[in-house]
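Coordinate inspection notes
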Amino acid sequence: QVQLVQSGGGLVQAGGSLRLSCAASGRTFSRYAMGWFRQAPGKEREFVAAINWTGYSTRYADSVKGRFTISRDNAKNTLYLQMNSLKPEDTAVYYCAADADYRNLFAGNPTPDYWGQGTQVTVSS
């Protein structure tokens, strides 16, 4: 089992920045690919970013490329999402995810092995 506990998020004006964190406990964090998804009201959960177990390979949704950065610190068992130049359309509940199969996350499939509890990000115009 892997437990994922998220922190960060909140309310920010358009153009601002936020950083989300996802702390993992349980089985070896470094063995899992990690990712972020988001879900806006009335919409399906969508892929945001993914990172492999070493941190050397990443993938982003086109809508966040160049603005968001995913990273991980395996020594701290923590995943991060740095969000810059935020837009109102980034408003959603953000979820971190862990998957033993990096191909599943990198394909953007919302079917990871584990989910975080979700955290609200609201961007005002």
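Residues numbered from 1 in each chain as written. Predicted model: local features only at pLDDT ≥ 70, side-chain atom pairs only at ≥ 80, totals over all residues. Heavy atoms only, no water.

Structural notes on the sheet that holds strand β8 (residues 78-83)
- The strand order across the open sheet formed by 4 strands is β1-β3-β8-β7, and the pairing between neighbours is antiparallel. Of all the strands in the sheet, the pair left with one neighbour each is β1 (2-8) and β7 (68-73). If you compare each strand with its neighbour and ignore which way they point, the axes differ by 15° on average.
- Sheet analysis places β1 next to strand β3 (residues 18-26), joined by 7 bridges and oriented antiparallel. Its bridge partner lying in β3, Ser 7 is registered against Ser 21. (Pairing = 2+ DSSP bridges. Helix = DSSP H or I, 4+ residues; strand = E, 2+ residues; numbered from the N terminus. Axes fitted to C-alpha atoms, helices over the stretch in contact; angles between N-to-C directions.)

As for the pattern of salt bridges
- Counted according to the given criterion, the structure contains 5 salt bridges.
- Across the salt bridge formed by Arg 38 and Asp 90, the nearest N and O atoms sit 2.9 Å from each other. Of this pair, Arg 38 sits in strand β4 (residues 33-39) while Asp 90 sits in the loop between β8 and β9 (92-99), and the two are 52 residues apart along the sequence.
- By relative accessible area, which is 0% here, Asp 90 ends up buried.
- Residue Arg 67 pairs with Asp 90 through a salt bridge whose shortest N-O separation is 2.7 Å. Taken together, the positions of Arg 67 in the loop between β6 (58-60) and β7 and Asp 90 in the loop between β8 and β9 put the pair 23 residues apart, joining distant regions of the chain. (Salt bridge = Lys/Arg side-chain N within 4 Å of Asp/Glu carboxyl O. Buried < 20%, exposed > 50% of the residue type's maximum accessible area, 1.4 Å probe, protein only.)

Some points on the side chain of Thr 78
- Tracing the chain through its elements places Thr 78 in strand β8.
- Overall, the relative accessible area of 11% leaves Thr 78 in the buried class.
- From its side chain, Thr 78 meets the backbone oxygen of Lys 76 in a polar contact 2.8 Å long.
- Here Thr 78 is in contact with Ser 21, Cys 22, Ala 23, Phe 29, Ser 71, Arg 72 and Asp 73, once residues within four sequence places are set aside. (Polar contact = N/O pair within 3.5 Å; in protein donor to acceptor, adjacent residues only side chain to side chain. Contact = heavy atoms within 4.5 Å.)

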